[in-house]
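# Report on the structure
Listed here are the chains, written in short residue letters.
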Amino acid sequence: KAEQAEQDTKWKAEQAERDERIDRNFRALRQEIGALTAAFADDLEEIGRDIAAIYLKSELGWEVAELQPGYLRVGKDEFEIDFLGEARKGDEVRRVAGEAKSRVDLREVEELVRKIRRIEAETGERFLWVLFPRKIFRRALDAAREVGIVVVPWDYQYRRRVPA
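Note that the structure is predicted; figures quoted are calculated from it, not measured.

Rules behind the numbers
- Residues numbered from 1 in each chain as written.
- Predicted model: local features only at pLDDT ≥ 70, side-chain atom pairs only at ≥ 80, totals over all residues.
- Heavy atoms only, no water.
- Helix = DSSP H or I, 4+ residues; strand = E, 2+ residues; numbered from the N terminus.
- Buried < 20%, exposed > 50% of the residue type's maximum accessible area, 1.4 Å probe, protein only.
- Contact = heavy atoms within 4.5 Å.
- Lys, Arg positive; Asp, Glu negative; His and termini not counted.
- Charge placed at Lys NZ, Arg CZ, Asp CG, Glu CD.
- Arc of directions from axis to C-beta.
- Patch = residues over 30% accessible without salt bridge, like charges linked within 9 Å, V, L, I, M, F, W, Y side chains within 5 Å.
- Areas by Shrake-Rupley, 256 points an atom, 1.4 Å probe, with all protein chains shown as cover.
- Salt bridge = Lys/Arg side-chain N within 4 Å of Asp/Glu carboxyl O.
- Pairing = 2+ DSSP bridges.
- Core = buried A, V, L, I, M, F, W, Y, C linked by side-chain atoms within 4.5 Å.

This paragraph deals with the overall build of the chain. A count of helical and extended segments in the chain gives four helices and six strands. In the chain, the succession of α and β elements from N to C terminus is α-β-β-β-β-α-β-α-β-α. Counting only C-alpha atoms, the chain reaches 90 × 40 × 30 Å along its principal axes. Residue burial in the chain is summarised as follows: out of 164 residues, 32% are buried. Expressed as a percentage of contacts within the chain between residues at least 6 apart in sequence, the contacts between residues at least 24 apart total 54%. Where the 32 positive side-chain charges of the chain centre and where its 35 negative ones centre are 3 Å apart.

With that settled, the discussion passes to the environment of Asp91. Among the structural elements, Asp91 can be located in the loop between β3 (77-89) and β4 (92-104). Residue classification places Asp91 among the exposed residues on the basis of a relative accessible area of 82%.

The next thing to look at is helix α3 (residues 138-146). Restricting attention to buried positions, one finds in α3 the residues Ala140, Leu141 and Ala144. The buried residues of α3 occupy one face: seen down the axis, they fall within an arc of 100 degrees. Across α3 from its buried face, at more than 90 degrees, point the exposed residues Arg138, Arg139 and Glu146. Those residues of α3 that are buried are in contact with β4, α2 (106-123), β5 (127-136) and β6 (150-151).

Turning our eyes to something else, we now look at a negative patch on the surface. Side chains of Asp42, Asp43, Glu46 and Asp50 sit close together on the surface and give a patch of like negative charge. Of note, Asp50 is situated in helix α1 (residues 2-60). Note on Asp50: relative accessible area 46%, which makes it partly exposed.

The subject of this paragraph is the pattern of salt bridges. One pass over the full model with this rule turns up 13 salt bridges. The salt bridge involving Glu20 is made with Arg24; its shortest N-O contact spans 3.8 Å. With Glu20 and Arg24 both in helix α1 and four residues apart, the pair spans about one turn of that helix. We classify Glu20 as partly exposed; its relative accessible area is 37%. With a relative accessible area of 45%, Arg24 lands in the partly exposed category. Taking the shortest distance from any N to any O, the salt bridge between Glu78 and Arg73 comes out at 3.1 Å. Under the relative-accessibility criterion, Glu78 is labelled partly exposed at 47%. Taking relative accessible area as the criterion, Arg73 reaches 54% and is therefore assigned exposed. Overlapping salt bridges, with partners in common, bring together Glu20, Arg24 and Arg27 in one network.

This paragraph deals with the pairing of strand β2 (residues 68-74). Pairing analysis gives six bridges linking β2 to β3, with the strands arranged antiparallel. In the strand pairing of β3, Val74 is matched with Asp77.

With that settled, consider the nonpolar core. The biggest cluster of nonpolar side chains holds 20 residues, and the ones touching the most others in it are Ile81, Ile119, Trp129 and Ile149. Dropping the residues within four chain positions of it, Ile119 is found in contact with Leu72, Val74, Phe79, Gly124, Phe127 and Trp129. With 19 residues, the next largest nonpolar core counts Leu56, Ala100, Leu128 and Val152 among its residues.

Everything listed here is a matter of geometry and, on its own, says nothing about what the molecule does.
Take a look at the structure:
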């Protein structure tokens, strides 16, 4: 019995060591995935800025100044916007505000619409809102277009032979 107890103690210690090693590896993996996700998001936003400006000019006739990431302050709140800039079409000048997303469903469009309505109501400005999704579901696409959000297709960069 003493020998069995000693083996059990040894086995438990080895198991605890294995569990700690697995936990350490999972933590490291989560950090790596987080870094990759952030890098992908940054790349998606950069591509979105470039393609949105080209799309707005080529397809809708808006001359777009350089789009840059930024923030819009509304009251005490500050909203991060993936790309901001100014667009001109004839005598009309509008601020451009856009979001680049990897996957857009109806819920995300509804959240964006709430953000748009709040920003426009409190600033008194009418923006040209742009969405650059990697993937968008049909109901989300229809809802975005219905409220006037310009949806730039992901594959537009390939159709126009624009380097990404």
